[in-house]
Amino acid sequence: MKIIRLLTTSTRSLALTLLLVLAMPAQAQSDPLPSWNDGAAKQAIIAFVEDTTSPGSPQFVPPAERIATFDQDGTLWVEHPMYSQVMYILESVPALVKRKPELVKVAPYSTVLEILKGDHAAIARLTLPDLEKLAAATLTGMPVDTFNAEVKKWLAEAKDPRWKKPYPELTYLPMQEVLKYLRASGYKTWIVTGGGQDFVRTYSEAVYGIPPEQVVGTAGGTTYGYGKDGKPFLTKAPKLLLNDNNAGKVEGIHLMIGRRPTMAVGNSTGDQQMLEYTKAGDGARLSMLVLHDDATREYAYGPAQGLPATKVGPLTPELYEQAKKQGWTVISIKDDWKQIFAFE
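Residues numbered from 1 in each chain as written. Predicted model: local features only at pLDDT ≥ 70, side-chain atom pairs only at ≥ 80, totals over all residues. Heavy atoms only, no water.

Trp36, Phe70, Tyr208, Met263 and Trp337 are the most contacted members of the largest nonpolar core, which totals 67 residues. With residues up to four places along the chain from it excluded, the contact list for Met263 reads Phe48, Ile67, Ala68, Thr69, Phe70, Val178, Leu182, Thr278, Leu286 and Met288. (Core = buried A, V, L, I, M, F, W, Y, C linked by side-chain atoms within 4.5 Å. Buried < 20%, exposed > 50% of the residue type's maximum accessible area, 1.4 Å probe, protein only. Contact = heavy atoms within 4.5 Å.)

Encoded structure:
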């Protein structure tokens, strides 16, 4: 009898221990957004996910229709002092000039060389046509596989000038948590960016857990051909197929996704139409706008809310007011994000 009692006691103790151990992960995961301060923005996200994924909820959204779209630059990772792809373009110029020495004294290539040597004032001399010429020269005219390999190499080596870390490490931890929370709740997460589609697709899966087929970006043409070994390949052509910015984002969503998003997140005037389009749909909808208002931990720019004006990811007072009037949720980096980067 003593042996039986000992076994019974031991079994109960083991069972209790197992219950406690199993309960610990559940408790640890009770907050899906631990890097967010408790506030209206965090509450809006959690309420939206619970309302749209709970069977029997009047706002329930079938799994097939759970589409969430995110701008990238300034929404998922840092865009200041300059977009990462623009930095890639500028830093690709020396290799281009090495292959074509005749360009060394030709603008805008010569201007970029001055910038890379430290003449930051020379940036003001670069016009939009200059950037378009630079983009065509550094992003096209090569096999797609070659381009992908060069971008991956650059991302592994290039460092942000402020934090001295590779660009993929400058993703916003709070937004990474939102992406994971949505996917765990049956949502498909898409990147809808004004950046180059091929550029973002090289790292989207490793950095955000978003596969390349769920990236909609500014897209250029390709040309099909054969190598000397007879194998087929694609060459990036200097032809614009989709300018995925402003209204182009909605056009890209229709073309590539085929469903109106139930949730969309952006941070600038380039995201206006995507947020409008999402909010205008029937049923539960969530449009969110990130406000960069933390000059100490990240950057502060607007010019909404009296913040410094910028040409890189501007959020105008008019867009801010539209967000308030149309019921979009404004995310304040200063007030809503407890932690910005994973490395902090």
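Looking now at the side chain of Asp71. Take Asp71: it is sitting in the loop between strand S1 (67-70) and helix H3 (84-99). Every residue in contact with Asp71, bar those within four places of it in the chain, is listed here: Leu76, Val192, Thr193, Lys249, Val265, Gly266, Asn267, Asp271 and Met274. (Helix = DSSP H or I, 4+ residues; strand = E, 2+ residues; numbered from the N terminus.)

Our next topic: helix H10 (residues 247-256). Those residues of H10 that fall on the buried side of the exposure criterion are Gly248, Lys249, Val250, Gly252 and Ile253. As for H10, its buried residues are in contact with S1, strand S2 (188-196), strand S3 (215-226), strand S4 (232-242) and helix H11 (272-279). After H10 finishes, the residue Gly258 shows a positive phi value of roughly 80°.

Looking at the protein chain as a whole, its pLDDT mean stands at 92, while 92% of the residues score no less than 70. Across residues 1-11, confidence stays below pLDDT 50; counting only partners more than four residues off in sequence or on other chains, it has 0 contacts. In this model residues 13-28 is a low-confidence stretch, pLDDT under 50, and it forms 0 contacts with partners more than four residues away in sequence or in other chains. (pLDDT = per-residue confidence, 0-100.)

A few words on the sheet that holds S3. Reading across from one edge, S4-S3-S2-S1-S5-S6-S7 is the order of the 7 strands in this open sheet, with mixed pairing throughout. Either end of the sheet is taken by a strand with one partner, and the two such strands are S4 and strand S7 (329-332). Sheet twist, expressed as the average angle between the axes of neighbouring strands with direction ignored, equals 30°. Summarising the sheet, strand S6 (residues 286-291) and S7 pair through 4 bridges and their orientation is parallel. When the sheet's bridge partners are listed, Leu289 is paired in S7 with Val330. Relative to S1, helix H7 (residues 173-184) is tilted by about 165°, and along the sheet it contacts S1, S2 and strand S5 (263-266). Contacts from H11 reach S1, S2, S5 and S6, with the element oriented near 160° to S5. (Pairing = 2+ DSSP bridges. Axes fitted to C-alpha atoms, helices over the stretch in contact; angles between N-to-C directions.)

On to the packing of aromatic side chains. Tallied over the entire structure, the rule returns 16 aromatic pairs. When the centroid spacing of 5.4 Å and the interplanar angle of 75° are considered together, the rings of Tyr88 and Trp154 count as edge-to-face. In this pair, Tyr88 is assigned in helix H3 and Trp154 in helix H6 (residues 144-157), connecting sequence segments 66 residues apart. The buried category is assigned to Trp154, whose relative accessible area is 10%. Seen from their ring centres, Tyr88 and Phe199 are 5.6 Å apart, and the 50° between their planes marks the pair as tilted. Of this pair, Tyr88 sits in helix H3 while Phe199 sits in helix H8 (residues 197-201), and the two are 111 residues apart along the sequence. Cation over ring: Lys236 sits above Phe147, and NZ or CZ is 4.6 Å from the ring centre. (Phe/Tyr/Trp six-rings, centres within 6.5 Å; stacked < 30°, edge-to-face > 60°. Lys NZ or Arg CZ within 6 Å of the ring centre and 35° of its normal.)

Let's shift gears to a nonpolar patch on the surface. A contiguous nonpolar patch, built from Tyr224, Tyr226 and Leu234 and spanning about 370 Å² of accessible area, is present on the exposed surface. Secondary-structure assignment places Tyr226 in strand S3. (Patch = residues over 30% accessible without salt bridge, like charges linked within 9 Å, V, L, I, M, F, W, Y side chains within 5 Å. Areas by Shrake-Rupley, 256 points an atom, 1.4 Å probe, with all protein chains shown as cover. Salt bridge = Lys/Arg side-chain N within 4 Å of Asp/Glu carboxyl O.)

Moving on, we get to the packing of H10 against H11. Relative to each other, H10 and H11 sit at 55°, their axes nearing to 6 Å. Relative to H11, the element H10 is oriented oblique. Read as a crossing pair, H10 and H11 show a hand that is right-handed. Facing H10, whose interface residues are Ala247, Lys249, Val250 and Ile253, H11 presents Gln273, Met274 and Tyr277. Classifying every residue of the contact of H10 with H11 gives 5 nonpolar, 1 polar and 1 charged. (Parallel < 35°, antiparallel > 145°, perpendicular 65-115°, else oblique. Left-handed = near helix turned anticlockwise from the far one by under 90°. Nonpolar A, V, L, I, M, F, W, Y, C, P; charged D, E, K, R; others polar.)

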